[in-house]
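What the coordinates show
Next come the chains, spelled out residue by residue.
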Amino acid sequence: MKKLTRNFKRALMGTAVTASVLGLSATPAFAGTNAHGYSYFDDCSPLGTGCTRVQVAEGWFIADGDDWKVCDREADGDRAEISIYWEDSGGNHIHYLAATGGAGTCATGGAGVNIPEGKKVTLQVWHQNGADGSPKDRKTYTGTA
């Protein structure tokens, strides 16, 4: 009987140790991925001497805090704009943000918005002339909340 009790205690201890190790090695909380990118065009010389990539707008989706930002990078008379899009059980969500103060200015958004963890977020960056202008050089990037 003593041998059976000792073996039972060992088995119980082994199970407890295994459970502790598994608990400590569990996958950490989900960490999102940021999205960052530019709206740009290639300004090519008519003489065929090469091209320069001109970054006119820059946008970010920041996973930690579900924030976003857009900056106007070029004194071209256009505003820099972004959209942030995701889908969840509540439907489709899209937010727009524009940097309207001219070259070198930025705007931030996302305060108070809570995107569910693990959701794919699509960031689009572009520039346009005024609020009613047509989007130009639209680029798409993705991240995860």
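Residues numbered from 1 in each chain as written. Predicted model: local features only at pLDDT ≥ 70, side-chain atom pairs only at ≥ 80, totals over all residues. Heavy atoms only, no water.

Pairing analysis gives nine bridges linking strand β4 (residues 79-88) to strand β5 (residues 91-99), with the strands arranged antiparallel. If you follow Ser83 over to β5, its bridge partner there is Tyr96. Joining the antiparallel neighbours β4 and β5 is a turn of two residues. (Pairing = 2+ DSSP bridges. Helix = DSSP H or I, 4+ residues; strand = E, 2+ residues; numbered from the N terminus.)

To continue, consider the pattern of salt bridges. Applying the stated criterion to the full structure yields four salt bridges. Linking Lys136 and Asp78 is a salt bridge whose minimum nitrogen-to-oxygen distance equals 2.7 Å. Of this pair, Lys136 sits in strand β8 (residues 136-144) while Asp78 sits in the loop between β3 (67-72) and β4, placing them 58 residues apart in sequence. In this structure Asp78 comes out as buried when scored by relative accessible area, which is 8%. Between Glu81 and Arg79 there is a salt bridge; the shortest N-O distance is 3.7 Å. Given a relative accessible area of 8%, Glu81 falls into the buried group. (Salt bridge = Lys/Arg side-chain N within 4 Å of Asp/Glu carboxyl O. Buried < 20%, exposed > 50% of the residue type's maximum accessible area, 1.4 Å probe, protein only.)

Here we take up the state of the cysteines. Scanning the model with the defined rule gives two disulfides in all. Between the sulfur atoms of Cys44 and its disulfide mate Cys51 the distance is 2.0 Å. Between Cys44 and Cys51 the sulfur-sulfur dihedral comes to about 105°; the bridge is accordingly right-handed. There is a disulfide in this structure between Cys71 and Cys106, and the S-S distance comes to 1.9 Å. Negative torsions about the S-S bond denote left-handed disulfides, and the value of about 110° found for Cys71 with Cys106 makes this one right-handed. Remark: Cys106 occurs in strand β6 (residues 106-109) and Cys71 occurs in strand β3; sequence separation between them is 35 residues. A residue is classified by how much of its surface remains accessible, and Cys71, at 1% relative accessible area, is buried. You can call Cys106 partly exposed: its relative accessible area is 40%. (Disulfide = S-S within 2.5 Å.)

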